[in-house]
Amino acid sequence: MSDENKKSNELKEKLFAKRESGGKALSDEELKKCEEFSTHYKKFLGKSKTEREVVSYALKMAQAAGFKEFDKNKKYVPGDKIYLTNRSRNLVLCTVGKNGLKNGAKLAVSHVDSPRLDLKPNPIVENNEIATFKTHYYGGIKKYQWTTLPLSLHGRIVKRDGSFADISIGENEDEPCFYITDLLPHLAKEQMNKKMSEVITGEDLNVLIGSMPLRGGEGSELVKLNILKLLNEKYEIVEEDLICADLELVPAIKPQDVGFDRSMIGGYGHDDRSCAYPCIEAILNTSLPEETCIVLLTDKEEIGSDGNTGMKSLFLRYFIEDLCESENLKARDVLSKSKCLSADVNAAFDPTYSSSFETFNSSFINKGVVVTKYTGSGGKYSTSDASAEFTGEICRILSENSILWQSSELGKVDTGGGGTIAKYIATWNMDVIDIGVPVLSMHAPYEVISKIDLYMTFKAINCFFNSTNSHQINHYFN
Ligand code: MN
Ligand code: MN
């Protein structure tokens, strides 16, 4: 190599932004940690198919790690571990820091709801001795992707006496699954000429649930009657109880390694459980931080964060207010000084669909945790654009801790876009930025992530919680 060449290479090394692939850059030891973390994650993901199931899994992990239910009349000391649930669908995990809340808290928030099919209030329909569930899809899905897949049914049915039945059918091989039919190609000439968005409509997402009439019965709707009889025997419910229920159909597919090299994980609900799990592990691995650290698992992100369990609910705010009161601090001051990672996935560059991405500003699998300064669409509309100061603070933490990271937008500027909960947190005058895992086929029934990115997201959140205050800037007060 000529001297000139050597010089320009050195200069490149010094000046160019780095986008290393973890497959090359990480040590064998680090790759082993990615593998170990992924094993635990796959177990979690396979058992956590709904927001309620994530919350109950995470709660068990937290209780085993010594977290105790929050008591607002109690005085907490550094190192105390607290949890609080909300309607079985939100979970706050908090570790009290040496400084309490006086410098603000450090938060990491992710959502635990994923796109799926919910049952309509009157779901059971029988037509020509075939019984189906009518569904109403939840979140942004490509409807045609949800046909011809094994589906499982999860949720809660509240009975007349106030007791409830928790249901999970279709995950185990000895249980039945459910299914949405599609038209055979031989008869699909007309269907094949339709626009992709119209091939399968919302009212076509009818789920096959039975075909056997009540033996010895007479009259109409005997298949439906037989199903209600089975449900009554097992859960002591009647048809009307299905109105008082949260029942969700999700893919009955288990998480599994993808690729000959096993570098990736396929699974349902990586958005956003691949960020929720790192959040949970990050706080469980934070014992005595400088500042009080808080994780919130939130719900309803996929349908706009509304409702009393969505990010627009005051649940987290009330918790922080109560904690502030016990330290004789004003919540508004604490919120204004607090810093938050909105942990949510980003769209990974897909070579098959490269025309939808702008490669210089895309995230790539295996290149680490993605920092997304802003989301939004149509000209940065409807987003919280993290400040240069706060972005700098986070990027410093990532670099100083040798965390593999990359920065990205979501797709080409005029192609589409998306939103996260960051903008709702920002209304509390809090610094917030999106970080998370790049996902292939986001919102599909079976999504793909890389093991390296998953582990780096855990490391990022963990280092954020455990970072000292030396870099903290409070530009609200400056
Ligand atoms: Mn998400
Ligand atoms: Mn999503």
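These numbers come from a predicted model, not from an experiment.

S.K.: Just to check I follow, could you spell out the overall build of the protein chain for this structure?
M.R.: When helices and strands are tallied, the protein chain shows 13 helices and 23 strands. Computed over the C-alpha atoms, the radius of gyration of the protein chain is 24 Å, within 12% of the 23 Å expected from 2.2 N^0.38 for a compact globule of 478 residues. Taking the principal axes of its C-alpha atoms as reference, the protein chain extends roughly 85 × 65 × 40 Å. Across the 478 residues that make up the protein chain, the buried fraction comes to 52%. For the protein chain, the computed accessible surface area is about 23000 Å², with 51% contributed by carbon and sulfur atoms.

S.K.: I tried to follow a nonpolar patch on the surface on my own but got confused; where do I start?
M.R.: Nonpolar side chains collect at one region of the surface, where Leu11, Leu15 and Phe16 lie side by side and expose about 340 Å² of accessible area between them. With respect to the helices, strands and loops of the structure, phenylalanine 16 is situated in the loop between α1 (3-15) and α2 (22-25).

S.K.: Explanation requested: the coordination of the manganese ion (ligand 2) in the structure shown.
M.R.: Expected angles at a metal are 109.5 degrees for tetrahedral coordination by four donors and either 90 or 180 degrees for octahedral coordination by six donors. Binding of the manganese ion (ligand 2) to the protein goes through Asp271 (OD), Glu302 (OE), Glu302 (OE) and His443 (NE2), at separations of 2.0 to 2.6 Å. Sequence spacing of the donors to the manganese ion (ligand 2): D-x30-E-x140-H. Separation of the manganese ion (ligand 2) from the manganese ion (ligand 1) amounts to 3.4 Å, with aspartate 271 serving as a shared donor to the pair. On the criterion of sequence distance, the pair formed by glutamate 302 in the loop between β14 (293-298) and α9 (315-326) and histidine 443 in the loop between β22 (438-439) and β23 (447-450) is long-range, its members being 141 residues apart. The same class applies to glutamate 302 as to histidine 443, namely buried.

S.K.: Just checking my understanding: could you explain the side chain of glutamate 447 for this structure?
M.R.: The residue glutamate 447 is located in strand β23 in this model. The buried charged residue glutamate 447 lacks any salt bridge partner; its closest oppositely charged side chain belongs to arginine 273, at an N-O distance of 7.8 Å. Polar contacts involving the side chain of glutamate 447 include one to the main-chain amide nitrogen of histidine 270, which spans 2.8 Å. Within the local environment of glutamate 447, its side chain forms a polar contact with the backbone nitrogen of histidine 443, the two atoms lying 2.6 Å apart. Residues contacting glutamate 447, with those up to four places away along its chain left out, are Ile265, Gly266, Gly267, Gly269, His270, Asp271, Val439, Leu440, Ser441 and Met442.

S.K.: It is not clear to me how the domain arrangement of the protein chain should be interpreted in this structure. Could you clarify?
M.R.: Accessible area lost upon the coming together of the parts serves often as the stated size of an interface. Each assigned domain of the protein chain is listed here: domain 1 (17-114 + 268-466) and domain 2 (117-251). Relative placement of domain 1 and domain 2: their C-alpha centres are 33 Å apart. Together, Lys49, Arg52 and Pro445 form the three largest contributors to the area buried by domain 1 at its contact with domain 2, with a combined 38%. Linking domain 1 with domain 2 are three salt bridges.

S.K.: So what exactly am I meant to see when it comes to the packing of helix α8 (residues 270-284) against helix α13 (residues 451-466) here?
M.R.: Geometrically, a packed helix pair is captured by the angle between its two axes and the distance between the axes. Between α8 and α13, the shortest axis-to-axis distance is 8 Å and the interhelical angle comes to 40°. The pairing of α8 with α13 is recorded here as oblique in orientation. Relative to α13, the crossing made by α8 is right-handed. Contacts from Ser274, Cys275, Pro278, Cys279, Glu281, Ala282 and Ile283 in α8 reach Leu454, Thr457, Phe458, Ile461, Asn462 and Phe465 in α13. Taken together, the residues of the contact of α8 with α13 break down into nine nonpolar, three polar and one charged.

S.K.: How do you make sense of the coordination of the manganese ion (ligand 1) when you look at a structure like this?
M.R.: Coordination of the manganese ion (ligand 1) by the protein involves His111 (NE2), Asp271 (OD), Asp344 (OD) and Asp344 (OD), with metal-donor separations of 2.1 to 2.7 Å. Going along the chain, you hit the donors of the manganese ion (ligand 1) in the pattern H-x159-D-x72-D.

S.K.: Help me understand the pattern of salt bridges in this model?
M.R.: Side-chain pairs of opposite charge can arise whenever the charged atoms involved come near each other. Counted under the stated rule, the structure contains 28 salt bridges. Put simply, arginine 52 and aspartate 246 hold a salt bridge, and the shortest N to O gap is 2.4 Å. Highlighted residues: arginine 52 in helix α4 (residues 51-64) and aspartate 246 in strand β11 (residues 245-251), separated in sequence by 194 residues. The buried category is assigned to arginine 52, whose relative accessible area is 17%. Among the salt bridges present, the one from lysine 98 reaches glutamate 290, with a minimum N-O distance of 3.3 Å. Residue lysine 98 is located in the loop between β3 (90-95) and β4 (106-111), and its partner glutamate 290 is located in the loop between α8 and β14; the two are separated by 192 residues in the primary sequence. For lysine 98, a relative accessible area of 44% corresponds to the partly exposed category. Residues participating in the shared-partner salt-bridge network are Glu51, Arg52, Arg89, Arg116, Asp118, Asp246, Glu248, Asp299 and Lys300.

Analysis parameters
- Residues numbered from 1 in each chain as written.
- Chains lettered and ligands numbered in written order.
- Predicted model: local features only at pLDDT ≥ 70, side-chain atom pairs only at ≥ 80, totals over all residues.
- Heavy atoms only, no water.
- Helix = DSSP H or I, 4+ residues; strand = E, 2+ residues; numbered from the N terminus.
- Rg over C-alpha atoms; globule rule 2.2 N^0.38 Å.
- Buried < 20%, exposed > 50% of the residue type's maximum accessible area, 1.4 Å probe, protein only.
- Areas by Shrake-Rupley, 256 points an atom, 1.4 Å probe, with all protein chains shown as cover.
- Patch = residues over 30% accessible without salt bridge, like charges linked within 9 Å, V, L, I, M, F, W, Y side chains within 5 Å.
- Salt bridge = Lys/Arg side-chain N within 4 Å of Asp/Glu carboxyl O.
- Donors = N, O, S within 2.8 Å, 3.2 Å for Na, K, Ca; no water.
- Lys, Arg positive; Asp, Glu negative; His and termini not counted.
- Polar contact = N/O pair within 3.5 Å; in protein donor to acceptor, adjacent residues only side chain to side chain.
- Contact = heavy atoms within 4.5 Å.
- Domains from an automatic or database assignment.
- Buried area = accessible area lost by both parts, 1.4 Å probe.
- Axes fitted to C-alpha atoms, helices over the stretch in contact; angles between N-to-C directions.
- Parallel < 35°, antiparallel > 145°, perpendicular 65-115°, else oblique.
- Left-handed = near helix turned anticlockwise from the far one by under 90°.
- Nonpolar A, V, L, I, M, F, W, Y, C, P; charged D, E, K, R; others polar.

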